[in-house]
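# Examining the three-dimensional arrangement
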Amino acid sequence: MFEYAPAPESRSVVEIASSYGLFIDGSFDGGKDGNVFKTVNPATEEVLAEVTSAGSEDVDRAVAAARRAFGPWSALPGGERAKYLFRIARIIQERSRELAVLESLDNGKPIKESRDVDLPLVAAHFFYYAGWADKLAYAGFGPDPQPLGVAAQVIPWNFPLLMLAWKVAPALATGNTVVLKPAETTPLSALFFADVCRQAELPAGVVNIVTGAGDTGAYLVAHPDVDKVAFTGSTEVGRAIARTVSGTGKRLTLELGGKAANIVFDDAPIDQAVEGIVNGIFFNQGHVCCAGSRLLVQESIADELLASLKRRMATLRVGDPLDKNTDIGAINSAAQLARIKELSEIGSEEGAERWSPECSLPDRGFWFAPTIFTGVTQAHRIAREEIFGPVLSVLTFRTPDEAVAKANNTPYGLSAGIWTEKGSRILAVADQLRAGVVWANTFNKFDPASPFGGYKESGYGREGGRHGLEAYLA
Amino acid sequence: MPKASKVVETATRLTVRKTYKLYIGGKFPRSESGRTFVADGDNVALASRKDARDAVLAARAAQPKWAGATAYNRGQVLYRIAEMLEARRAEFTALGVPADEVDAAIDRWVWYAGWSDKIAQVAGGANPVAGPFFNISAPEPTGVVAVIAPASLLGLVSVIAPAIVTGNTTVLLAAGPQVAITLAEVLATSDVPGGVVNLLTGRYAETAPWLASHDDVNALDLTGVDHPDLAAELERAAAGTLKRVLRPRAATDFTADPGLRPMTALLETKTVWHPKGY
C-alpha cells in the first residue's frame, strides 16, 4: 500500500478575528455582562477566538430587534424576500472556500466533507427556499399562509453551518425573523454568516446571532416574545424544551437523536454495502443524528461482510481535518470524546467484542479511532444509546421480520438503511420501518428538496422540501 | 344538551333503560373499577386509569392491521359508518342532538371517507433531489392517538374521523357520554375493527394525564380541552415521551371546512431514497 503525501488546504484563505461580539439588529456588539468563552480547534486544541456569551439582557435585545424587523420583513412581497435569499445563496457559493476552511477549523470535520458536502448543501438550501418565498400560496397550506413571527433557533455543533441553513432559509422565506444560537463549541461559521447577511444588505434585525452555551439557549426558547422554537440536538434537551414550551402556544419543531439500523440482507452487493456502512457511521466522525450506528447483518453473510468491512476500515485515514486526503477528522470536543470513550468502555464491559484498525492518532487534540463492536445484543447499552461518534454496533438477524423487529426496537425513529438487490424487499421493509428517512442501497444522502425528520423520540416536524415550510407558517 | 323524554308514559309498560358502558377493543365493558357517575339522569361508566391502559393496549394491538389495510378499504369502512349513522339518526335526536347536526356528522364521515386514498398524494410525492436518486415522501400514521374529545356529536366525529382515516387507532375520553357511547354502537356495527376506536367516559382531570404521559401513545389531541391550565398540564406530561400534541383551538367551529390540519397533525412523513442507474 502506498502512502499519501500530505495535502493540506491553506488556512490563510479565512481570517479569524481574535474576538467576536453578538450580531444584533444588523451590527456586532459586545455582551452586556462582559462574559466570554473560547472556541478551540479540536484537532490541535489551539484557541481560535474569544466569543461573547450572551446573557438574558442580550437575548432580550436580540428578540426585540427581531420583533421590530418582523413587521416590515413579513410585509415585503415574497419576490423581494426571495431576492435577499438568492443573494445570500450566491455569496455563500462565492465564499465557500473560506467557509469550508473555517468550518473544518472550528468543528474538526475533514475539509473533504465541509468542502464537498456541507457548503454545497448550505448554498442549495438558500436557493431552494428562496424560490418558495413568492409561491407560498401554492404550497398546500391554504391560500394565504402567514408567518408566525419571531423564531428562536438553537442548533448543534455537528453541522454548524448546514443546520443554520436548514433553519434560517425556510424561516426567512416564509416571512419570519430569527434569533439563532449556534453551539458553544462551533460558533464561528454562524458569526461569519452574520457578515454574509450584511453583505447581502439584509434588513437589520431579520437575522440575529447570539452565541453562548445551554443557559443562553434555554433563556431564548423560554422568551415570552418568541412565537416559534426550532431545535436540533439531543433528545434530553428536546424533552426539556417541549416542557418549557407547553402551554405557551409557541410552535415547536424538534430534530433529536437517533440510533439508526442499517440492515444488510444476504443478497446485498457486499462492496457497495460496505461503502454504505462506512459512510453511514464514519461520515463526520459519526457526529450525525441519522448515522447508521446499528448494523443489522443477515447471519449467513455476517463473516464475509465483517471481513470486508474491517479491510475497508483499515484504509480510513484519520488525522488533520485540513488535509484533503483525511477521511476522519477530530472529535468535536473533550466532553464528546469522554462520552464516546465511556460508552465504548461499557460496550467492552458488557461483553461485546471491540475492534479498531491499526492507526496512529495525533498527540494533541481530540481523537477516536473508527471502532466496531461485534457480538452486540439488543440489551447492550451501545445498541440502545446514541454514542454520536465513530462507533458501530453489529447485530445479526435471520429473517426479514426479525430485522424489522430489531430495527424498530428503539425509542428513536430518525433514519434507517436497507441493502438488498431485491426491489420488492426494499419496498416491503421500508414500509414497516418506523423512521422518517429510509435509505435503500445508499446512506446519508441529503437534499434541500427532501423532507428530513424523525418518528417517535427523534422529534417532530420535518425540515427540507415543501414539508419544511409548515413549521414556519400559520 | 337536554334529552328528549325517553320514558314514554303508557299504561302497560315501562321503557327498558340502556346501560351506558365503555367501548374498548370492540366490546362494551363496564369500568374495571366498578364506578359510575350520573350524567343527564343515566348512570354511565366512570373510567379508571386501568381502563385507559386497557384501551391503549387495544388500540396498539389494532393499529398495525388497520394501518396495513388498503386505503380503499379504510374509505369503505368510513363510508359504512355514515350509512349506519344515517340509519340510527333517531337515537341521536332522541338524545337531544339537533337534526342538522346529525346531518353534518353523517356528511363529515362521507367527506373523510373520500380522503383515505387521496391524502398520500396531497401530502406526499416525489422530491426532485439534485442527484441520481428516486426520492419519495409519503405520509404514515403516527400510531395510537389519545383524544380528549369535545362533547357534541359533530365534535366527536370531527376528531375521530381524521385520526382513523389515515390508519391511526384512537383512545378517546368523551364528555357527553350518552352521545359518545351511542356513536360507539354505530362504530361497532360498521365494520370498524375492534380496537380502532376506544371510548372512555369519565373525568378528564382524572384519566387524561395518564394518557398524556403513556409511553405507548404517540399523539395527543386536546381539541376537547377547554381549560388552559389542564391543556398546559397535559402538554407538559406529553413532553416526557415527545408526543405529537394537537392543541385545543379556541372555540372550534366544527361546522366549518376542517382543512387538512386535523389529518396532517397526526401523520409522520417517511422519505425513501434509492439510487437510480443502469
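All of these numbers come straight from a predicted model, not from anything done at the bench.

Let us now look at the packing of aromatic side chains. Residues and elements named next belong to chain A. Under the defined criterion, the tally for this structure stands at 17 aromatic pairs over all chains. Judged by centre distance (6.0 Å) and plane angle (50°), the rings of phenylalanine 86 and phenylalanine 127 are tilted. With phenylalanine 86 in helix H2 (residues 78-94) and phenylalanine 127 in helix H4 (residues 111-132), the pair connects residues that are 41 residues apart, well separated along the chain. With a centroid separation of 5.3 Å and an interplanar angle of 75°, the aromatic rings of phenylalanine 265 and phenylalanine 397 are classed as edge-to-face. Taken together, the positions of phenylalanine 265 in the loop between strand E11 (261-264) and helix H9 (270-282) and phenylalanine 397 in strand E15 (residues 391-397) put the pair 132 residues apart, joining distant regions of the chain. The buried category is assigned to phenylalanine 265, whose relative accessible area is 0%. Note that lysine 228 overlies the ring of tyrosine 472, its terminal NZ or CZ placed 5.0 Å from the centroid. Residue placement shows arginine 425 over the ring face of phenylalanine 265; its charged tip is 4.9 Å from the ring centre.

This part is about unusual backbone geometry. Its identity is not glycine, yet Lys456(A) carries a phi of approximately 45°, on the positive side. When you line up the elements, Lys456(A) lands in the segment after strand E17 (437-440). A positive phi angle, near 50°, is found at Asp40(B), a position not held by glycine. The topology assignment puts Asp40(B) in the loop between strand E1 (36-39) and strand E2 (42-45).

Mapped onto the present numbering, the UniProt feature "active site" (unreviewed entry) falls on Glu255(A). Once you skip the residues sitting within four places of it in the chain, Glu255(A) turns out to touch Phe231(A), Thr232(A), Gly233(A), Leu414(A), Phe452(A), Gly453(A), Gly454(A), Ser458(A), Gly461(A), Arg462(A) and Glu463(A).

In this section: the interface of chain B and chain A. When the parts of a complex come together, some accessible area is lost, and that lost area is often used as the size of the interface. Contact with chain B, which involves 35 residues of that partner, is made by 44 residues of chain A. Together chain B and chain A conceal approximately 2,900 Å² of surface at their shared face, both sides included; 51% is due to carbon and sulfur atoms. Among the residues chain B hides against chain A, the three largest losses belong to Leu242(B), Lys270(B) and Trp273(B). Together they make up 24% of the total. Counting the contacts that link chain B with chain A gives two salt bridges. The salt bridge involving Glu268(B) is made with Arg462(A); its shortest N-O contact spans 2.9 Å. Remark: the boundary between chain B and chain A carries 24 residue pairs in polar contact (both at pLDDT 80 or more). Among the elements of the structure, helix H5 (119-123), strand E4 (133-141), helix H9 (228-239), helix H10 (261-264) and strand E10 (267-275) of chain B are those that each provide at least two residues to the side of chain B that touches chain A. It is E10(B) that provides the largest number of residues to the side of chain B that touches chain A, a total of eight residues. The residue makeup of the side of chain B that touches chain A, split by class, is 14 nonpolar, eleven polar and ten charged. Both E17(A) and E10(B) contribute to a ladder of three bridges, which runs parallel. Across the sheet, Val437(A) pairs through a bridge with Thr271(B), a residue of E10(B).

The rules we used
Residues numbered from 1 in each chain as written. Chains lettered and ligands numbered in written order. Predicted model: local features only at pLDDT ≥ 70, side-chain atom pairs only at ≥ 80, totals over all residues. Heavy atoms only, no water. Phe/Tyr/Trp six-rings, centres within 6.5 Å; stacked < 30°, edge-to-face > 60°. Helix = DSSP H or I, 4+ residues; strand = E, 2+ residues; numbered from the N terminus. Buried < 20%, exposed > 50% of the residue type's maximum accessible area, 1.4 Å probe, protein only. Lys NZ or Arg CZ within 6 Å of the ring centre and 35° of its normal. UniProt positions renumbered as here; feature names shortened; annotations may be inferred. Contact = heavy atoms within 4.5 Å. Buried area = accessible area lost by both parts, 1.4 Å probe. Salt bridge = Lys/Arg side-chain N within 4 Å of Asp/Glu carboxyl O. Polar contact = N/O pair within 3.5 Å; in protein donor to acceptor, adjacent residues only side chain to side chain. Nonpolar A, V, L, I, M, F, W, Y, C, P; charged D, E, K, R; others polar. Pairing = 2+ DSSP bridges.

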